[in-house]
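Here are the chains, one letter per residue:
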Number of protein chains: 2
Amino acid sequence: MATKRTYQQYCGLASGLDVVGERWTLLIVRELLMGPARYSDLLANLPGLGTNLLAERLKFLVGKGVIEQVDVRGTGAQLAYALTPVGEELRPVILGLARWGMEFVGELRAEDAVRPQWGFLAVEAMLDQRRASDLTESYEFQVDDEVFHIAVADGRASAVKGAAVEPVMRAKTDAATFVQIGGGRLTPLMAMVTGRLVLEGDMDAVVRCCELLGLETGAPASR
Amino acid sequence: MATKRTYQQYCGLASGLDVVGERWTLLIVRELLMGPARYSDLLANLPGLGTNLLAERLKFLVGKGVIEQVDVRGTGAQLAYALTPVGEELRPVILGLARWGMEFVGELRAEDAVRPQWGFLAVEAMLDQRRASDLTESYEFQVDDEVFHIAVADGRASAVKGAAVEPVMRAKTDAATFVQIGGGRLTPLMAMVTGRLVLEGDMDAVVRCCELLGLETGAPASR
DNA sequence: CGGAATCCCGGTGGATACTG
DNA sequence: CAGTATCCACCGGGATTCCG
């Protein structure tokens, strides 16, 4: 145990991988990108990860200053893990890798796990700030039992957990459909036709939201 | 062998990690970011990687369309591996992780491997396009026996292998010093004083180059 | 010589049972 | 609920051998 396996290379990438390169580690960080989570939350959302591994990874990441234990909701009653500022700096890296990996998500298979928050992540990864509208508006997403929204203001777009105050558009769908749309395997139009996606609100806003996410709506006259 | 271990999650990040998340894989891609490399080049620059693992990883990555075999220099005489466009899209991800990992490169230890191209990578990772000068100029770096340069033109900076045509600045150093400077563990001034870094050319250009890389020169009156 | 298959064996990691 | 302990399959590191 004293002999932690490392690459022993004097290089930023190798050193980074020595910290977050081992199996499951980046997926744990992914879960924490959506906010603090408890041990059992992580275990539930990472099927296949053993309890010993999770404990070991968490301890290791705490030691490296990537995550920390926080008490959420009251005085020490509920412990949880959260990203430190150093861990938070992994967000663009993880979003970038998630976008890259979209290329490789195939058809949904029976044995694949799906979680709403991964759709959330997909949307955040697809956000293209350069296409952010000048308008101030927000789009709400209800994915299974999770709700989040994209808030556009001052030409900046951000993905946030929770409901929007006055969304100009609301999308309701399931996690699998959401990931498929995010990965470009399914157009919003196709999803609507098959009843897997329900859109409410201003249809112009829907178009703006699709543009913001770099999505083809599935309607003709695009690319 | 038919049962490749995967995360089985319907998520871009998990799918991406199923492709490049295994041990050594991203380091192999890192080497190819600097241009095509042959099997033995890779083996030489990745100490600790076994021949079987390298062969397996290469085959796997070729199968996934991340890399491909190319014949460099003549007709099929010299085979080499190169990134495909898909693999090339990993560049920003790897540079981001390399920058993040800089935080964790400690003191150089005797057993650590160092390569000039990793310093090259470090510099590329530190390039901040927003600070690119309006001037058109280039800075040359001689790191051990490797030479590369940063070319600034049209407000864009890029890191390129090989010598510059008419560099306004030339830096000579060793790979370890270079990585340390890149990681902020050493200021250029400190490196010069200790004789590990030699700078030639226009000293104003040196300052501009440092700014481009987000480096403190080590001189007073900064931060 | 470049590229890769075949061994062996130690360490990682997956599954389950158990404990504070 | 939050981990710890234990078992064992299998991945990965090293050397050797093989093929072209």
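Residues numbered from 1 in each chain as written. Chains lettered and ligands numbered in written order. Predicted model: local features only at pLDDT ≥ 70, side-chain atom pairs only at ≥ 80, totals over all residues. Heavy atoms only, no water.

- An unreviewed UniProt entry annotates chain A as DNA-binding HxlR family transcriptional regulator originating from Saccharothrix ecbatanensis.

**Here we look at the interface of chain A and chain B**
1) Next: Tallying the contact residues gives 54 residues for chain A and 54 residues for chain B.
2) Next: Contact between chain A and chain B buries roughly 4,600 Å² in total, counting both sides, with carbon and sulfur atoms accounting for 68%.
3) Next: The largest contributions to the chain A side of the interface with chain B come from Y10, L13 and W100 of chain A, which together make up 22% of the buried area.
4) Next: Summed over the shared surface of chain A and chain B, the number is 14 residue pairs in polar contact (both at pLDDT 80 or more).
5) Next: Mapped by element, the contributors of at least two residues to the side of chain A that touches chain B are helix 1 (12-20), helix 2 (25-33), helix 6 (91-101), helix 7 (116-126) and helix 8 (175-182) of chain A.
6) Next: A class-by-class count of the residues in the side of chain A that touches chain B yields 31 nonpolar, twelve polar and eleven charged. (Contact = heavy atoms within 4.5 Å. Buried area = accessible area lost by both parts, 1.4 Å probe. Polar contact = N/O pair within 3.5 Å; in protein donor to acceptor, adjacent residues only side chain to side chain. Helix = DSSP H or I, 4+ residues; strand = E, 2+ residues; numbered from the N terminus. Nonpolar A, V, L, I, M, F, W, Y, C, P; charged D, E, K, R; others polar.)

**What to know about the sheet that holds strand 4 (residues 146-153) of chain B**
All names here are of chain B.
1) Next: On the basis of which strands lie adjacent, the open sheet formed by five strands has the order 5-4-3-6-7 and mixed pairing. Each of the sheet's edge strands pairs with one partner strand only, and the pair in question is strand 5 (156-161) and strand 7 (197-201). Going from strand to strand, the sheet's axes swing by 15° on average, the running direction of each strand aside.
2) Next: On the sheet, helix 10 (residues 203-212) packs against strand 3 (137-143), strand 4, strand 5, strand 6 (169-173) and strand 7 and is oriented at approximately 80° with respect to strand 3. (Pairing = 2+ DSSP bridges. Axes fitted to C-alpha atoms, helices over the stretch in contact; angles between N-to-C directions.)

**Notes on the protein's contact with DNA strand D**
1) Next: Close contacts around DNA strand D come from 18 residues, with S40 and T51 of chain A together with R23, W24 and G48 of chain B the closest.
2) Next: Of all DNA strand D atoms lying within 4 Å of any protein atom, the proportion belonging to sugar or phosphate reaches 64%.
3) Next: At 2.9 Å from a phosphate oxygen of DNA strand D is found a side-chain nitrogen or oxygen belonging to Y81 of chain A.
4) Next: One of the side-chain N or O atoms of R57 of chain B is found 3.1 Å from a phosphate oxygen in DNA strand D.
5) Next: Residue assignment for the surface near DNA strand D shows that the elements contributing at least two residues are helix 3 (39-45), helix 4 (51-64) and strand 2 (78-83) of chain A together with helix 4 (51-64) of chain B.
6) Next: Partitioned by chemical class, the residues of the surface near DNA strand D number six nonpolar, seven polar and five charged. (Near = heavy atom within 4 Å.)

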